[in-house]
Each structure stands twice: as C-alpha cells, then as structure tokens.
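For reference, the chains in residue letters:
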Amino acid sequence: MARKGDGLYLRGKTWWLDARIDGRRFVARLGKNISRSVAGELASVKRAAFLKQEAGIGKKKRDILFDDAAKRFIEWCESGNVRPRTLNTYKKCVKELKQSFDGKWLSQIQSFAIAAHKKRRQDSPVRANRELQLLRRIFYWCMGQKTPLFEGLNPLKKSKDNQDSVRFYEESDGKNVNLEPGESDQLIAVANEPIKSMIVLALNTGVRLAS
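Computed from a predicted structure; not experimentally measured.

Draft legend 1. The overall build of the protein, seen in detail. The helix and strand inventory of the protein stands at 7 helices and 3 strands. Seen in sequence order, the protein has helices and strands lined up from the N terminus as β-β-β-α-α-α-α-α-α-α. Scored against the burial criterion, the 211 residues of the protein give a buried share of 30%. If you take every contact in the protein between residues at least 6 apart in sequence, the share linking residues at least 24 apart comes to 50%. Carbon together with sulfur atoms contributes 50% to the accessible area of the protein, which is approximately 14,600 Å² in total.

Put into structure tokens, the structure is as follows:
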C-alpha cells in the first residue's frame, strides 16, 4: 500500500518515494545521505517523469496485470490449444500463482516476488516447479502476441547455456526397485485398478513404470 502524504520516507540513510500517482503505485529510490528538502525536489522530478510517461509523452511499455494475463492464457488454452489434462493442470497452477501474484503487474513480478512464491510452496516442490514453468510460459505468451500484452524481460527466461535464471527445486529422477520373491504378489494384491494392471504388465514385459 502506498504511503500517505507526500510519500517520502527514510530507510536507513536513504530517502524513498512511495506514492500513488494517477491511480497507480509508484516507488522510487531518491538518494542516500541527502536532506528531506533535496529528497522532495528529486521526488518532484520523479513524479513529473512518471506522469509524462503515463500521458504517452515518450515510449510507454505495455504491461498487464497477472490476473488478466492468466485469464487470457487459459481462454487461449480452452480454445483447443492444449490437451484437456494439460488444461486442468494449468488451471490448478494458476490458482496457486494467483495467491502470490494477484493484483501485480507482470513488470512487478521479479526475482524477489518469485522467491517468495517458492518459499510459500516449499512443501510441494514439484508442484512449485510446474507453477513457475507455467508462469514463464504465460510471460512468453503475452510477449509473443501479434500486439504484445507485455513488453519487458521474462524473469524466468533461460540463459544461453539453457540454465534457469531462477533456481528450481531439485526433482528426483526415480530409482529402480528390485522386489524379493513373493513381494510382487503382495504388491499386486494391495494395488487397485488401473495400477494393478500396469504392475502386472511391467512385471511380465519388463516395461519400466515412471515414478
């Protein structure tokens, strides 16, 4: 929430501007080891620059709220662009992402906000990874439209050596389990369909089941 009054405040030795300008929140660093009067003058310059950009004087980059971006992306998916199972997974991911990014512009979703989402979802690391992968796709989808919905950098983009800019949780690749004599029968006995049929198929054909 933007601060009341002129929006000036001191954090340590640094002055900041945190105000609502023309209906949007605006936060800017003004300077360190300066007086309040100087901070006020710098704030006036910052406000003027912001209003100039909002009025269309100079290039203004396109931006979109995460809520709107996710809604448009899901509508695109529902038009037959992904499989039903994938669509269902995306909807679950969006539900979780909204809890972290509801009301934020895409330009506001940076590494700090993403790290906060990861921490909130640390009890479900695999799901957290899927959510961040979807967030990356939503960014690229918005940027790739004929008329881009967002102009900026994707905070989850991969580097030239295919490394993620945001560290994902480690996921197990699974491991082989050798059953002792009699254990396969016990496993089949307690399994329900369709898992039981899959186990029987694997035991008789050697097909490896994904973990």
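The structure having been displayed, the exposition proceeds.
Draft legend 2. Up close: the nonpolar core. In this structure, Phe66, Leu106, Leu135 and Cys142 are the most contacted members of the largest nonpolar core, which totals 30 residues. Those elements that place two or more of their residues in this core are helix H2 (66-81), helix H3 (84-101), helix H4 (111-120) and helix H5 (125-143). Per element, the largest residue contribution to this core is 7 residues, and it comes from H5. The next biggest cluster of nonpolar side chains, apart from the first, holds 10 residues, and it includes Phe26, Leu30, Ala39 and Ala43.

Draft legend 3. Representation of the packing of H3 against H5 in the model. Running from N to C, H3 and H5 point in directions that differ by 85°, and their axes come no closer than 9 Å. Classified by the interaxial angle, the pair formed by H3 and H5 is roughly perpendicular. The residues of H5 that touch H3, namely those facing Thr89, Tyr90, Lys92, Cys93, Val94, Glu96, Leu97 and Phe101, are Arg127, Arg130, Glu131, Leu134, Leu135 and Arg137. Here the contact of H3 with H5 is built from residues that sort into 7 nonpolar, 1 polar and 6 charged.

Draft legend 4. Geometry of the pattern of salt bridges. One pass over the structure, following the stated rule, counts 5 salt bridges. Its salt-bridge partner being Arg121, residue Glu96 comes within 3.6 Å of it at the nearest N-O pair. Within this pair, whereas Glu96 is found in helix H3, its partner Arg121 is found in the loop between H4 and H5, the two being separated by 25 residues in sequence. According to the relative accessible area criterion, Glu96 is buried, its value standing at 18%. Since its relative accessible area comes to 13%, Arg121 is described here as buried.

Draft legend 5. Expanded view of H5. Taking 1.5 Å per residue, 19 residues should reach 27 Å; H5 reaches 27 Å between its end C-alpha atoms and fits that length. All of the buried residues along H5 are Ala128, Asn129, Glu131, Leu132, Leu134, Leu135, Arg136, Ile138, Phe139, Trp141 and Cys142. Contacts made by the buried residues of H5 are with H2, H3 and H4.

Draft legend 6. Here's a closer look at H3. The terminal C-alpha atoms of H3 lie 25 Å apart, and with 18 residues this matches the ideal 26 Å at 1.5 Å per residue to within 8%. Of all the positions in H3, only Leu87, Tyr90, Cys93, Val94, Glu96, Leu97, Ser100 and Phe101 are classed as buried. Packed against the buried residues of H3 are H2, H4 and H5. Two residues or fewer after H3 comes Gly103, characterised by a positive phi angle close to 85°.

Draft legend 7. Quick look at the environment of Lys91. Tracing the backbone through its elements, the reader meets Lys91 in helix H3. With 20 residues separating them in the primary sequence, Lys91 and Lys71 have C-alpha atoms 9.7 Å apart.

Draft legend 8. Molecular detail of the packing of aromatic side chains. This structure, assessed with the given rule, holds 6 aromatic pairs. Ring centres 6.0 Å apart and planes at 65° place the aromatic pair Phe66 and Phe101 in the edge-to-face group. You can see Phe66 sitting in helix H2 and its partner Phe101 sitting in helix H3, a full 35 residues away along the chain. Here Phe101 falls in the buried class, since its relative accessible area comes to 0%. Here the aromatic residues Phe73, Trp76, Tyr90 and Trp141 are joined through ring pairs into a cluster of three or more. Geometry around Trp16 places Arg11 over its ring, the cationic atom sitting 5.1 Å from the centre. Above the face of the Tyr169 ring, Lys118 is positioned so that its terminal group lies 4.9 Å from the ring centre.

Conventions used here
- Starting from 1, residues in each chain are numbered consecutively following that chain's sequence as written.
- Since the coordinates come from a predicted model, pLDDT governs what is reported: local features require at least 70, and pairs of side-chain atoms require 80 or more to be given and counted, while whole-chain, interface and lining totals use all residues.
- As a rule here, side-chain values cover all heavy atoms of the structure and leave hydrogens and water aside.
- In this description a helix means any DSSP run of H or I spanning at least four residues, a strand means any run of E spanning at least two, and both kinds are numbered starting from the N terminus.
- For every residue, the accessible area (1.4 Å probe, protein chains only) is compared with the maximum for its type, and the residue is labelled buried under 20%, exposed over 50%, or partly exposed between those bounds.
- Pairs of residues are marked as contacts when any of their non-hydrogen atoms sit within 4.5 Å.
- The method behind every accessible area is Shrake-Rupley, applied with a 1.4 Å probe, and residues are considered shielded solely by the protein chains displayed.
- Here the nonpolar core consists of buried residues drawn from Ala, Val, Leu, Ile, Met, Phe, Trp, Tyr and Cys, with membership extended through side-chain atoms lying within 4.5 Å.
- Geometry is summarised by axes, namely lines fitted to C-alpha atoms with helices restricted to the contacting stretch, and by angles between N-to-C directions that run from 0 to 180 degrees.
- Comment on the angle field: the value is read as roughly parallel under 35 degrees, roughly antiparallel over 145, roughly perpendicular from 65 to 115, and oblique elsewhere.
- Gly falls in the polar group here, along with every residue not listed as nonpolar (Ala, Val, Leu, Ile, Met, Phe, Trp, Tyr, Cys, Pro) or charged (Asp, Glu, Lys, Arg).
- Criterion for a salt bridge: a side-chain nitrogen of Lys or Arg within 4 Å of a carboxyl oxygen of Asp or Glu.
- One less than the residue count of a helix, multiplied by 1.5 Å, gives the span that helix is expected to have.
- Centres within 6.5 Å make a pair out of two Phe, Tyr or Trp rings, where for Trp the six-membered ring is used; the pair is then stacked when the planes are under 30 degrees apart, edge-to-face when over 60, and tilted otherwise.
- Ring-over charges, as used throughout, are those where CZ of Arg or NZ of Lys falls within 6 Å of the ring centre and within 35 degrees of the ring normal.

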